[in-house]
Amino acid sequence: MNENDSKNSQTPLDDPAWQRALIARLAESSLVEQRRARRWGIFFKLAGFAYLFIILALMFRDIGVDDGMTKEDHVALVTLDGPIMEGAPAGAETVIKGLRKAFEDKHAKGVILRINSPGGSPVQSGYIYDEVRRLRAKHPDKPLHAVIADIGASGGYYVAAAADAIYADKASIVGSIGVRMDGFGVVGLMEKLGVEHRELTAGDHKALMSPFKPVDQAEKAHMEGLLRDVHAQFMDVVRKGRGERLKETPELFSGLVWTGEQAASLGLVDGLGSVDSVARDVLKVDKVVDVTPEAGVFERLIDRLGVSISLALVRAQTGVWN
């Protein structure tokens, strides 16, 4: 066998170059696996810390490091922001919790209720109104002023009427002292489409104001009476809260809205101002401390943790780390 035949019979395992290439590939593969394991290790450590943080948050969700209290004289601020409805940030439970905290703070020389709401539930608005009146009676030496931001309408103004005084910006939207009930009817459309509505009830008026049947005049009259009663309650609240400051006109309780400047001329607000100016110029205290309960803190915490974990997953899968 000649030299060429010997070289041709040599297997790849005997080839030094092939061996070096194999070793390099194995080393590279091991390095990749180590990096991947390290990334997943970091991810699981982050997930473990997140889980621990959630458990701690559940244990101490009602205990804040900074509860908004201070030993200095200040004005306590409670914010009512958004639609007034149960379970919402502007719901009665959250707002009342803040108001009680504000009135019970011995260092608070006054309370400002900042309102930025188009209204909402008359029941939730009534709860807040009643509690403001109760707290004012319990703490007669601690004034509460309402400050309307962008809008204080309908239920938002209902709540404001409980305050000692109401202030707004000249361009704020104020008023909408009225009650509404929305609905729709699809009887004609169903007839055109050939759709038959089948409805079974126990009780002559259980399907009250159903959109699938023509308007029943007796039911309509009943609901209009209900709205008038709620409207009368609203007007009584405003008259009681504003007293002789109110300049009644035929349009005042019609559901119209006005600018803050117009509202001042109607007696719906006492003057123009912001939270800071009312604290400084009316209550004579410069420091304002926000004691609004952060009802959504835990939920926002979970959202942020979710984003962090998702980002960690993406980084682990793509190998992109900062």
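So, a few notes on the structure that sits alongside this text.

## Overview of the overall build of the protein
Reasoning step 1: Scanning the protein for helices and strands turns up ten helices and eight strands.
Reasoning step 2: Per element, the accessible surface of the protein, about 20100 Å² overall, is 55% carbon and sulfur.

## Considerations on the packing of helix 3 (residues 92-104) against helix 4 (residues 122-138)
Reasoning step 1: Running from N to C, helix 3 and helix 4 cross one another at 10°; their axes reach a closest spacing of 9 Å. In terms of axis orientation, helix 3 runs roughly parallel to helix 4. The residues of helix 4 that touch helix 3, namely those facing Ala92, Val95, Ile96, Leu99, Arg100 and Phe103, are Gln124, Tyr127, Ile128, Glu131, Val132, Arg134, Leu135 and Arg136.
Reasoning step 2: Per-class residue counts for the contact of helix 3 with helix 4 are nine nonpolar, one polar and four charged.

## Overview of a nonpolar patch on the surface
Reasoning step 1: A grouping of Met181, Leu208, Met209 and Val215 is seen on the molecular surface, where their side chains present a nonpolar patch of about 330 Å² in accessible area.
Reasoning step 2: With respect to the secondary-structure elements, valine 215 resides in the loop between helix 6 (187-193) and helix 7 (217-242).

## What to know about the environment of valine 238
Reasoning step 1: Looking at the element boundaries, valine 238 is found in helix 7.
Reasoning step 2: The exposure class assigned to valine 238 is buried, which follows from its relative accessible area of 0%.
Reasoning step 3: Spatially, the C-alpha atoms of valine 238 and tyrosine 157 are 8.5 Å apart, while their sequence positions differ by 81 residues.
Reasoning step 4: In this structure valine 238 touches Tyr157, Ala161, Ile177, Gly243, Leu246 and Phe253, once residues within four positions along its chain are discounted.

## Comments concerning the pattern of salt bridges
Reasoning step 1: Taken as a whole, this structure holds eleven salt bridges when the rule is applied.
Reasoning step 2: As a salt-bridge pair, aspartate 73 and lysine 109 come within 3.8 Å of each other at their nearest N and O atoms. Placement of the pair is aspartate 73 in the loop between helix 2 (16-60) and strand 1 (74-81) and lysine 109 in strand 2 (residues 108-117), with a sequence separation of 36 residues.
Reasoning step 3: On the basis of relative accessible area, aspartate 73 is assigned to the partly exposed category, the value being 45%.
Reasoning step 4: Residue lysine 109 is classed as partly exposed on the basis of its relative accessible area, which comes to 40%.
Reasoning step 5: Two residues, arginine 180 and aspartate 182, come together in a salt bridge whose shortest N-O distance is 2.8 Å. Take arginine 180 and aspartate 182: they sit in the same class, and that class is exposed.
Reasoning step 6: A cluster of three or more residues bridged by salt bridges with shared partners is formed by Arg100, Glu131 and Arg134.

## Some words on helix 7
Reasoning step 1: For helix 7, spanning 26 residues, the distance from its first C-alpha to its last is 37 Å, which sits close to the expected 38 Å at 1.5 Å a residue.
Reasoning step 2: Of the residues flanking the start of helix 7, the one acting as N-cap is aspartate 216, its side-chain oxygen 2.9 Å from the backbone nitrogen of alanine 218.

## Concerning the nonpolar core
Reasoning step 1: Core analysis: the biggest nonpolar cluster contains 47 residues, and Leu80, Leu99, Leu113, Ile128, Tyr157 and Leu268 have the highest contact counts within it.
Reasoning step 2: Here this core takes six residues from helix 3, the largest share from any one element.
Reasoning step 3: Among residues more than four places away in sequence, those in contact with leucine 113 are Val78, Leu80, Val95, Leu99, Leu144, His145, Ala146, Val147 and Val159.
Reasoning step 4: Core analysis: the next-biggest nonpolar cluster, separate from the first, contains eleven residues, Leu77, Val278, Ala279 and Val285 among them.

## Some remarks on the packing of helix 4 against helix 7
For any two helices packed against each other, one specifies the crossing angle of their axes together with the interaxial distance.
Reasoning step 1: Taken N-terminus to C-terminus, the directions of helix 4 and helix 7 make an angle of 25°; their axes are 12 Å apart at the nearest point. Judged on the interaxial angle alone, helix 7 and helix 4 are roughly parallel. Where helix 4 crosses over helix 7, the two elements pack in a sense that is left-handed. In this structure, helix 4 contributes Pro122, Tyr129 and Arg133 to the contact, and helix 7 contributes Val230, Val237, Lys240 and Gly241.
Reasoning step 2: Across the contact of helix 4 with helix 7, the residue classes tally to four nonpolar, one polar and two charged.

## Topic: the pairing of strand 3 (residues 144-153)
Reasoning step 1: Across the ten residues that make up strand 3, a large majority, eight, are buried.
Reasoning step 2: Two strands pair when backbone bridges link them, and strand 2 and strand 3 are joined in this way by six bridges, in the parallel orientation. Bridging across to strand 3, isoleucine 115 finds its partner in isoleucine 148.
Reasoning step 3: The parallel pair strand 2 and strand 3 is bridged by helix 4, and the resulting crossover is right-handed.

Thresholds applied
Residues numbered from 1 in each chain as written. Predicted model: local features only at pLDDT ≥ 70, side-chain atom pairs only at ≥ 80, totals over all residues. Heavy atoms only, no water. Helix = DSSP H or I, 4+ residues; strand = E, 2+ residues; numbered from the N terminus. Areas by Shrake-Rupley, 256 points an atom, 1.4 Å probe, with all protein chains shown as cover. Axes fitted to C-alpha atoms, helices over the stretch in contact; angles between N-to-C directions. Parallel < 35°, antiparallel > 145°, perpendicular 65-115°, else oblique. Contact = heavy atoms within 4.5 Å. Nonpolar A, V, L, I, M, F, W, Y, C, P; charged D, E, K, R; others polar. Patch = residues over 30% accessible without salt bridge, like charges linked within 9 Å, V, L, I, M, F, W, Y side chains within 5 Å. Salt bridge = Lys/Arg side-chain N within 4 Å of Asp/Glu carboxyl O. Buried < 20%, exposed > 50% of the residue type's maximum accessible area, 1.4 Å probe, protein only. Expected span 1.5 Å × (residues − 1). Polar contact = N/O pair within 3.5 Å; in protein donor to acceptor, adjacent residues only side chain to side chain. Core = buried A, V, L, I, M, F, W, Y, C linked by side-chain atoms within 4.5 Å. Left-handed = near helix turned anticlockwise from the far one by under 90°. Pairing = 2+ DSSP bridges. Right-handed = clockwise from strand over helix to strand, strands pointing away.

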